[in-house]
Amino acid sequence: MSAMQDDTKTQSKNGGSSMPLQQMANTIRALSMDAVQAANSGHPGLPMGAADIATVLYTKFLKIDPLAPNWPDRDRFVLSAGHGSMLQYALHYLVGFADMTLEEIKNFRQMGARTAGHPEYGHAAGIETTTGPLGQGIATAVGMALSERMMNARFGDDLVDHHTYVLASDGDLMEGISHEAISIAGHLKLSKLIVLYDDNEISIDGPLNLSESGDALMRFEAAGWDAVRIDGHDFEAIESAIENARNSEKPSLIACRTVIGYGSPNKQGTSGSHGAPLGEEEITLTRKALGWEAGSFEVPSDLLDAWRVAGRAHASTRKAWEGRLDEQAADIRSRFERVNAGTLPSGLDGAVDAYKKQLAQDKPKWATRKSSEEALKAIVPHVPEMIGGSADLTGSNNTKTPEQAPVSEDNFAGSFIHWGVREHGMAAAMNGMALHGGFIPYSGTFLVFSDYSRPAIRLSALMEQRTIHVLTHDSIGLGEDGPTHQPVEHVAALRAIPNVNVFRPADAIETLECWQLALQADKTPSVLALTRQGLPAVRDYEERNLCANGAYELASGGKDPQVTIMASGSEVEIALQAREQLKQEGIEARVVSVPCMELFDQQADSVKADVLGDTPVRIAVEAAIQMSWDRYLRPQDRFIGMEAFGASAPAAQLFEHFGITAEAIVETARKALA
């Protein structure tokens, strides 16, 4: 018997509803096709095809309370197939999220509506992450599931015991990031991660076999997952599969064979239902095929009541959890609430200041990657929720401190993650950890490999999440590894992403200050671009964080300076050398350190004008392309940096070869002043 014919009344474990699940699922189909039609834009195929899966999940298993959408021990649901956003919006309206009204459904994809084209974190309650770029959702969910296990290891079953569910599409599993994500999850045996695969055998171009012939189940099994295939329109099979997955000791994939656009007589099972409205005539035929007699955007009261009952099923579960939290010792309860709120501990600033005084006295000549490692040694003991990691470059990125034990399937109490060579999966999982709450994730790779993690960094910025990316070997200064590993355009490319703070510190004190700022930026991801080569100390002690301005005068130019030299990172040393040489020639020059353009751009115009100065000539120096410096350069000003790829040679020879030297700055200043 087909699902359209199945009228079996199924008792819901979540809420006791006796309403036939088929009719409840059809409310999702009706709202989805109506909303997409009204918008004349959207994807009705997935919500209509996956409605049965979602109905079983939301009525029988999902532990949420729409009246407390941020309850820390709720289950997480990630719609990795974000193009099917009407599935989630319909569900949220039906189960009773207060901000997801019928009016919002009617305004699907319209300006200012919560019902954006793809689910966006922060736009509506209960949306756990922004999805749309395929593969990101499933990889982000890995970070959520990992955080659940790690928080459980710290606070126990009474406070942390929930599942992460993902609805993924063929496209999610084709994207390369999914391979990285499922490998991480399988390796760590994240058994509370359950992926529901909408296995409809259709892609945008047509049948899936146009581009895919692999066996998804075998791939997941090879990565250490349980994997089964079921009829995605058989309610009992869906329920049984989810129940089995919840009892597995491995992460689980449930491939649900579905019909895209289910119920549409002429478009179901075809790519024609994927990304375009069905059309009024086809909607009329679909209503008839489904036995749906209600009008456009109408949900019969008995069906809405059944959904609302399901939505309130875990109100008592949540209240019982709140009681257990109240019974915890005061220090445990306080720590749990603090880390979930993302509030930094009170002792951090004092620790930073004490260490800054020590650095000012010692004046170490470290590479800034080493300065970062030493800063972490001073900071991490005071911020135990910091979780470090590296993409198989721990010894090069210097991201691990002595007290950090590795996270493993046997030790989720650890605080350092060996991500393997999986930069994209690492960055997306960090997003999931930040979104889950309880941790501040930071991880490292080489700056040049930020190309691999960039899509996830962009989503972190869009979602305003505090993730920290330690990107070392930041220029031609890395030397002999050559142009494949020497970033040239990468700093500018990262600076181009809105709401990302890109820090490029010049010495140990600046590195410490940049770490402090990255931790304080709770709505902004940060990049620390760090050197392989050693750098001299250029800063003395000052209590205030000078890097907080983004740029500041490091060395003055006397009463009548003629040149302002602006630089970041390793080139600040060169700028200071040029200043001394110019002074010997009777030309006074200022040096401005620019550790973070994004913070500098946020300063008042008067502050920026004071820092930039009004000298006849400004010279910007960075071992990278010019692009991001243009905002500070006038027609008469100059840039010294890279215009092409690097080369394989010792660092000192490379700086000489490419003309990034104090002598080049002096010569440029002479010519500009002539």
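Look up a bit, the structure's there.
Predicted, not measured: the structure shown is a model, and the values here were computed from it.

**Student:** How should I be thinking about the overall build of the chain in this particular structure?
**Tutor:** Scanning the chain for helices and strands turns up 25 helices and 18 strands. Its C-alpha atoms give the chain a radius of gyration of 28 Å, within 12% of the compact-globule value 26 Å for 674 residues. Dimensions of the chain, computed from C-alpha atoms along their principal axes, come out at roughly 90 × 55 × 45 Å. For the chain, with 674 residues in total, the buried portion stands at 62%. Within the chain, contacts between residues at least 6 apart in sequence are counted, and of these 77% link residues at least 24 apart. For the chain, the exposed surface amounts to about 24700 Å²; the carbon and sulfur share of it is 47%. In the chain, 59 side chains carry a positive charge and 89 a negative one; their mean positions are 3 Å apart.

**Student:** Looking at this structure, I do not really get the packing of helix α14 (residues 348-362) against helix α15 (residues 368-379). What am I missing?
**Tutor:** Between two packed helices, what matters for the description is the angle formed by their axes and the separation of those axes. At a minimum axis separation of 9 Å, α14 and α15 run at an interaxial angle of 135°. What the angle tells us is that α14 and α15 run oblique. Handedness of the crossing formed by α14 with α15: right-handed. Taken together, the residues of α15 that come into contact with α14 (itself represented by Leu-348, Ala-351, Val-352 and Tyr-355) are Glu-374, Ala-375, Ala-378 and Ile-379.

**Student:** So what exactly am I meant to see when it comes to helix α3 (residues 85-95) here?
**Tutor:** A turn of α-helix holds 3.6 residues, and therefore any two residues three or four places apart point the same way. The element α3 is largely enclosed, with a buried count of eleven among its eleven residues. Of all the residues in α3, the buried ones are Ser-85, Met-86, Leu-87, Gln-88, Tyr-89, Ala-90, Leu-91, His-92, Tyr-93, Leu-94 and Val-95. Its buried side turned inward, α3 meets α1 (21-39), α2 (45-61), β1 (76-79), α4 (102-106), β2 (164-168) and α11 (301-311). Residue Gly-96 follows α3 closely and has a positive phi angle near 105°.

**Student:** Help me understand the sheet that holds strand β10 (residues 440-446), please; the structure alone is not making it clear to me.
**Tutor:** The strands that make up a sheet are held in pairs by hydrogen bonds between backbone atoms, and each pair lies either parallel or antiparallel. As summarised here, the arrangement of the six strands in space is β9-β8-β10-β11-β13-β12, forming an open sheet in which the pairing is parallel. Every other strand in the sheet has two partners, leaving β9 (416-418) and β12 (501-503) as the edge strands with one partner each. On average, each strand axis in the sheet is inclined to that of its neighbour by 20°, with strand direction left out of account. Note that strand β11 (residues 468-472) and strand β13 (residues 526-530) share five bridges and pair parallel. Note that in β13 the partner of Val-470 across the bridge is Leu-528. Packing of α15 onto the sheet brings it into contact with β8 (386-390), β10, β11 and β13, and relative to β13 it is tilted by some 130°. Contacts from helix α17 (residues 423-436) reach β8, β9, β10 and β11 within the one sheet, and its direction differs from that of β10 by about 165°.

**Student:** For this particular structure, what's the right way to read the packing of aromatic side chains?
**Tutor:** To describe a pair of aromatic rings, you give the distance between the ring centres and the angle between the ring planes. In the structure shown here, the tally under the stated rule is ten aromatic pairs. Seen from their ring centres, Tyr-442 and Trp-515 are 5.4 Å apart, and the 85° between their planes marks the pair as edge-to-face. Remark: Trp-515 occurs in helix α20 (residues 508-520) and Tyr-442 occurs in strand β10; sequence separation between them is 73 residues. Trp-515 sits in the buried class, given a relative accessible area of 0%. In this structure an aromatic cluster arises from ring pairing among Phe-155, Trp-321 and Phe-336.

**Student:** Any chance you could explain a negative patch on the surface here in plain terms?
**Tutor:** On the surface, a cluster of negative charge is made up of Asp-157, Asp-158, Asp-326, Glu-327 and Glu-337. As for its placement among the helices and strands, Asp-158 is situated in the loop between α5 (136-155) and β2. On the accessibility criterion, Asp-158 (43% relative accessible area) is partly exposed.

**Student:** Mind showing me how you'd approach the pairing of strand β6 (residues 226-231) here?
**Tutor:** Here is the key point about a regular strand: its side chains alternate between the two faces of the sheet. Inspection of the sheet shows β6 paired to strand β7 (residues 252-257) by six bridges, in the parallel sense. Each residue of the ladder has a partner; that of Asp-231, found in β7, is Arg-257. Tracing the backbone out of β6, into helix α9 (residues 235-246) and back to the parallel element β7 gives a crossover that is right-handed.

**Student:** Where do I start with the environment of Glu-423 in this structure?
**Tutor:** Position of Glu-423 among the secondary structure elements: in helix α17. Each C-alpha atom of the pair Glu-423 and Val-621 lies 29 Å from the other, and the pair is 198 residues apart in sequence. Each residue touching Glu-423, except ones within four places of it in the same chain, is listed here: Glu-180, Ala-391, Thr-445, Phe-449, Tyr-452 and Ser-453.

**Student:** Mind showing me how you'd approach the pattern of salt bridges here?
**Tutor:** Side chains that differ in charge, positive against negative, can pair when their charged atoms come close. Within this structure, the stated rule accounts for 37 salt bridges. The partner of Glu-409 in a salt bridge is Lys-189, and the shortest N-O contact between them spans 3.5 Å. Here Glu-409 is found in the loop between α16 (394-397) and β9, whereas its partner Lys-189 is found in the loop between α7 (176-188) and β3 (193-199), with 220 residues between them in sequence. Residue class for Glu-409 comes out partly exposed when judged on its relative accessible area of 37%. Between Glu-622 and Arg-495 there is a salt bridge; the shortest N-O distance is 2.9 Å. One end of the pair, Glu-622, is in the loop between β17 (617-621) and β18 (638-640); the other, Arg-495, is in helix α19 (residues 490-495), and 127 residues separate them in sequence.

**Student:** Where do I start with the side chain of Asp-353 in this structure?
**Tutor:** Considering the arrangement of structural elements, one finds Asp-353 in helix α14. Ignoring sequence-local partners within four residues, the contact set of Asp-353 consists of Tyr-541 and Glu-543.

**Student:** Even after reading the chapter, I still don't get the state of the cysteines, so can you show me in this structure?
**Tutor:** What is meant by a disulfide is a covalent connection between two cysteines, made through their sulfur atoms. Across all of its chains, the model carries zero disulfides by this definition. With no disulfide of its own, Cys-596 has Cys-514 as its nearest cysteine by sulfur position, at a separation of 7.1 Å. For Cys-596, a relative accessible area of 0% corresponds to the buried category.

**Student:** Quick question: what am I supposed to make of the nonpolar core here?
**Tutor:** The nonpolar side chains of a soluble globular protein tend to be buried with one another. Ile-28, Leu-57, Tyr-58, Ile-105, Ile-242 and Ile-254 are the most contacted members of the largest nonpolar core, which totals 61 residues. Apart from residues no more than four positions distant in its own chain, Ile-28 is found in contact with Pro-47, Ala-51, Ala-54, Thr-55, Leu-87, Ala-90, Leu-91, Leu-94 and Trp-307. Within the second largest apolar cluster, 57 residues are counted, among which are Ile-182, Leu-193, Val-407 and Ala-429.

Each value, and the rule that gives it
- Residues numbered from 1 in each chain as written.
- Predicted model: local features only at pLDDT ≥ 70, side-chain atom pairs only at ≥ 80, totals over all residues.
- Heavy atoms only, no water.
- Helix = DSSP H or I, 4+ residues; strand = E, 2+ residues; numbered from the N terminus.
- Rg over C-alpha atoms; globule rule 2.2 N^0.38 Å.
- Buried < 20%, exposed > 50% of the residue type's maximum accessible area, 1.4 Å probe, protein only.
- Contact = heavy atoms within 4.5 Å.
- Areas by Shrake-Rupley, 256 points an atom, 1.4 Å probe, with all protein chains shown as cover.
- Lys, Arg positive; Asp, Glu negative; His and termini not counted.
- Charge placed at Lys NZ, Arg CZ, Asp CG, Glu CD.
- Axes fitted to C-alpha atoms, helices over the stretch in contact; angles between N-to-C directions.
- Parallel < 35°, antiparallel > 145°, perpendicular 65-115°, else oblique.
- Left-handed = near helix turned anticlockwise from the far one by under 90°.
- Pairing = 2+ DSSP bridges.
- Phe/Tyr/Trp six-rings, centres within 6.5 Å; stacked < 30°, edge-to-face > 60°.
- Patch = residues over 30% accessible without salt bridge, like charges linked within 9 Å, V, L, I, M, F, W, Y side chains within 5 Å.
- Salt bridge = Lys/Arg side-chain N within 4 Å of Asp/Glu carboxyl O.
- Right-handed = clockwise from strand over helix to strand, strands pointing away.
- Disulfide = S-S within 2.5 Å.
- Core = buried A, V, L, I, M, F, W, Y, C linked by side-chain atoms within 4.5 Å.

All we've got here are geometric facts, nothing functional implied.
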